[in-house]
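Architecture and fold: a report
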Amino acid sequence: MTHCDLGPDTAERYVGGTMSEPERTGFEEHFFACDACFRAVQALEDARGVLADTVLGETGSTGAAPRRGLPLRWMAIAATLVIIAGLSARVWRVSRPGDVPPQNSRQTASTVEPPAARPQAEPPVPQAQAPVPTASPSASSTLRSRHGRLERWAVVIPPQYVALTTRSEQDKDAQTFEEAMTHYSAGRYRQAADGLQILAERAPTAAHVQFFLGISELMSDNASRARGALQRSADSGVSPYSDEAHFYLAKVALRADDLTAAARELEIAVDREAGPQGDAARLLAELRRVVR
Amino acid sequence: MPETRHLASLVGRVAAGDPQAESELVEHFAPRVRAMALVRTRDRDLAKDLTQETLLAVLQAFRKGQVRAPDRVAGFVCGVARNVINNHKRRRLKHPETSLDEEATVIAAPEREDHDGQARRQLMAKALAALSAADRQVLLLTLVEGLKPGQIAQKLGVSADVARTRKSRALKRILEVIDTQSQNAPVRHFLL
């Protein structure tokens, strides 16, 4: 395992659920880029799953929240006595020759790995880009829930920020902006939002600040703050931020299940050719289909 | 960092329409996204579905060339994954009946990851069985119950130092087993 200074204790606290949310977010960003920590997380999550399976009979989808706080806690000590026998039985069972691996209770019909081919045409919504789905169209269409679709439509791909290099010396606000956007580009949206909020208070009419603040808040799951900042960006009249803001205001509305507001914002986005490569028009068409 | 450069080149190839690059990116990030989703939801099936949601959204962005800072690929994927997971949790709170189960017929998790996951868990079961009962008990209280060493010490009637030592020893041993196994296994991830 490649070495990392963080060590396995950090991964253990992550898997055990004893980290604060900011710490958890920071560690996730770390292990996405750190092979050693990722392997530790994966191994400890496996260990947690095996222990939970043995003690609590967890066999896949439980729909349950993290175990802490459940009245099952008292079982842990007594169950430890059972673990030895349980693990032994499990090891024996899984190693029997010809044993059939447990089947997932769900029917699976396709996989995203590996994609067979690039789609010939741009499909209307993200799920249509799923590589080679093999379920019958009629079955899949009837199975897709309205909420499931809304959930996917509300997913936000944050627009990329490309820094402009200038020869002149940056003022303090420009430096603060660049620092915040360094967090943004690295996916640290909470830190980005905190930095941009300071700037937004100093310069509330700066459309670019309001725009990226709105996106950062959206990615940090603060819909009301995101709406406020994006609306200020939209009201600024400074293109392209005032135009692009409408596409993301639609995403905010979709998260709130406000389809009417989402459609209204998308109409403006389509009119102004905002949003990534025709996404606004595709999303609007799908939305109208569902509303109808 | 070679891996960062490699990932950046993969993103460029995806934008150029290379399906092999898409496969490599999926193979690299799927286990990471899945681990994150599993820790945050404690639901294996849901974690699979959320992983698919994330990968589809990420691939779509890569295909369209929306990621213009390819040296930040890992952070980008992590951000999208968190977004997808939080989005699902929020909607589930609003609509408890909402389930991604219905989507599973259309979008399924990588089967090889399932297979790899089963193999890893079998190995882990053996590693756990080889621990002493006391060490295993501490791991159970740590990972399943989410207790800290002080709380474990109180529960077991031992000192906090003893609980901490047992935990560190158990962690070290199971990670060594997994590490040894992974060195013997075919390489499926980019090495640092």
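Keep in mind it's a predicted model, so treat the numbers as computed, not measured. (Residues numbered from 1 in each chain as written. Chains lettered and ligands numbered in written order. Predicted model: local features only at pLDDT ≥ 70, side-chain atom pairs only at ≥ 80, totals over all residues. Heavy atoms only, no water.)

Glancing now at the overall build of chain B. Across its full length, chain B holds eight helices and zero strands. Helices and strands appear in chain B in the N-to-C order α-α-α-α-α-α-α-α. Expressed as a percentage of its 192 residues, the buried residues of chain B come to 61%. At a minimum sequence separation of 6, the contacts of chain B that also span at least 24 residues come to 62%. Per element, the accessible surface of chain B, about 7,100 Å² overall, is 52% carbon and sulfur. (Helix = DSSP H or I, 4+ residues; strand = E, 2+ residues; numbered from the N terminus. Buried < 20%, exposed > 50% of the residue type's maximum accessible area, 1.4 Å probe, protein only. Contact = heavy atoms within 4.5 Å. Areas by Shrake-Rupley, 256 points an atom, 1.4 Å probe, with all protein chains shown as cover.)

Along its length, chain A carries 13 helices and zero strands. Starting at the N terminus and walking to the C terminus, you meet the elements of chain A as α-α-α-α-α-α-α-α-α-α-α-α-α. Scored against the burial criterion, the 292 residues of chain A give a buried share of 48%. Contacts in chain A between residues far apart in sequence, at least 24 positions, make up 53% of those at least 6 positions apart. Surface summary for chain A: the accessible area is close to 13,800 Å², and the carbon and sulfur share equals 54%.

Bringing the confidence of the model for chain B into the picture now. Residues and elements named next belong to chain B. When the pLDDT values of chain B are averaged, the result is 80; 80% of them are 70 or greater. Note on residues 99-109: pLDDT is under 50 here. Beyond four places in sequence and across chains, it has 43 contacts. What the predictor reports for the complex is a pTM of 0.56 with an ipTM of 0.83. (pLDDT = per-residue confidence, 0-100.)

Now for the state of the cysteines. Residues and elements named next belong to chain A. Applying the stated criterion across every chain, the model contains zero disulfides over all chains. We note that Cys-34 lacks a disulfide partner, and the nearest cysteine sulfur, in Cys-37, lies 3.8 Å from it. Accessibility expressed as a relative area gives 9% for Cys-34, which makes it buried. (Disulfide = S-S within 2.5 Å.)

Okay, the side chain of Arg-40 of chain B next. In this structure, Arg-40 of chain B sits in helix α2 (residues 19-41). For Arg-40 of chain B, a relative accessible area of 4% gives the class buried. Filtering out sequence-adjacent residues up to four positions away, Arg-40 of chain B remains in contact with Glu-21, Arg-24, Thr-25 and Glu-28 of chain A together with Arg-82, Ile-85, Asn-86 and Lys-89 of chain B.

A separate point is the side chain of Ser-233 of chain A. Relative to the assigned elements, Ser-233 of chain A resides in helix α10 (residues 223-236). Once you skip the residues sitting within four places of it in the chain, Ser-233 of chain A turns out to touch Ala-207, Gln-210, Phe-211, Tyr-241, Ser-242 and Ala-245 of chain A.

What follows concerns the pattern of salt bridges. The full count for this structure, using the stated rule, is 28 salt bridges over all chains. Put simply, Glu-21 of chain A and Arg-40 of chain B hold a salt bridge, and the shortest N to O gap is 2.8 Å. Taken as a pair, Glu-21 of chain A in helix α2 (residues 21-31) and Arg-40 of chain B in helix α2 lie in two separate chains rather than in one. One salt bridge connects Arg-282 of chain A with Asp-279 of chain A, and the closest N-O pair in it is separated by 2.6 Å. One end of the pair, Arg-282 of chain A, and the other, Asp-279 of chain A, are both in helix α13 (residues 279-291), three residues apart, so they sit about a helical turn from each other. Judged by relative accessible area, which is 17%, Arg-282 of chain A ranks as buried. What you see here is one network of salt bridges that share partners, running through Glu-21, Arg-24, Glu-28 and Glu-29 of chain A together with Arg-40 and Arg-82 of chain B. (Salt bridge = Lys/Arg side-chain N within 4 Å of Asp/Glu carboxyl O.)

Attention now moves to the packing of aromatic side chains. Residues and elements named next belong to chain A. Per the stated rule, a full pass over the model turns up 15 aromatic pairs over all chains. Between Phe-27 and Phe-31, the ring centres sit 5.6 Å apart and the planes meet at 55°, which makes this aromatic pair tilted. Here Phe-27 pairs with Phe-31, and both are found in helix α2, just four residues apart, close to one helical turn. Residue classification places Phe-27 among the buried positions, given a relative accessible area of 4%. Following the ring pairs from residue to residue traces out a cluster consisting of Phe-177, Tyr-184, Tyr-189, Phe-211, Phe-212, Tyr-241, Phe-247 and Tyr-248. (Phe/Tyr/Trp six-rings, centres within 6.5 Å; stacked < 30°, edge-to-face > 60°.)

Right, let's talk about the confidence of the model for chain A for a bit. The pLDDT averaged across chain A works out to 70; a share of 64% of its residues lies at or above 70. Low pLDDT (under 50) marks residues 57-144 of chain A, which in the prediction has 161 contacts with non-local residues, meaning those over four places away or in another chain.

Residue and element names in this part refer to chain B. Contact geometry for helix α6 (residues 133-144) and helix α7 (residues 149-156): axes closest at 10 Å, N-to-C directions at 130°. One way to sum up the angle between α6 and α7 is to call them oblique. As for how α6 packs across α7, the hand of that crossing is right-handed. Seen from α6, the contacting residues are Gln-137, Val-138, Leu-141 and Thr-142; seen from α7, they are Ile-152, Lys-155 and Leu-156. Broken down by class, the residue content of the contact of α6 with α7 amounts to four nonpolar, two polar and one charged. (Axes fitted to C-alpha atoms, helices over the stretch in contact; angles between N-to-C directions. Parallel < 35°, antiparallel > 145°, perpendicular 65-115°, else oblique. Left-handed = near helix turned anticlockwise from the far one by under 90°. Nonpolar A, V, L, I, M, F, W, Y, C, P; charged D, E, K, R; others polar.)

What follows covers unusual backbone geometry. Residues and elements named next belong to chain A. Positioned with a positive phi, Asp-221 is a non-glycine residue whose angle comes to about 75°. Mapping Asp-221 onto the fold places it in the loop between α9 (207-219) and α10. Residue classification places Asp-221 among the partly exposed positions, given a relative accessible area of 29%. The backbone of Glu-273 sits at a positive phi, close to 55°, despite the residue not being glycine. Within the secondary structure layout, Glu-273 lies in the loop between α12 (259-271) and α13.

Residues and elements named next belong to chain A. Running from amino to carboxyl end, α12 crosses α13 at an angle of 145°, the nearest separation of the two axes being 9 Å. Seen along the crossing, α12 lies across α13 with a hand that is left-handed. Every residue of α13 that contacts α12 at Leu-259, Ala-262, Ala-263, Leu-266, Glu-267, Ala-269 and Val-270 is listed here: Ala-280, Ala-281, Leu-283, Leu-284, Leu-287, Arg-288 and Val-291.

As a further point, take the environment of Ser-132 of chain B. All names here are of chain B. Here Ser-132 lies in the loop between α5 (111-129) and α6. Here Ser-132 falls in the partly exposed class, since its relative accessible area comes to 33%. In the structure, Ser-132 is positioned 34 residues away from Arg-166 in sequence and 9.6 Å away in space, judged by C-alpha atoms.

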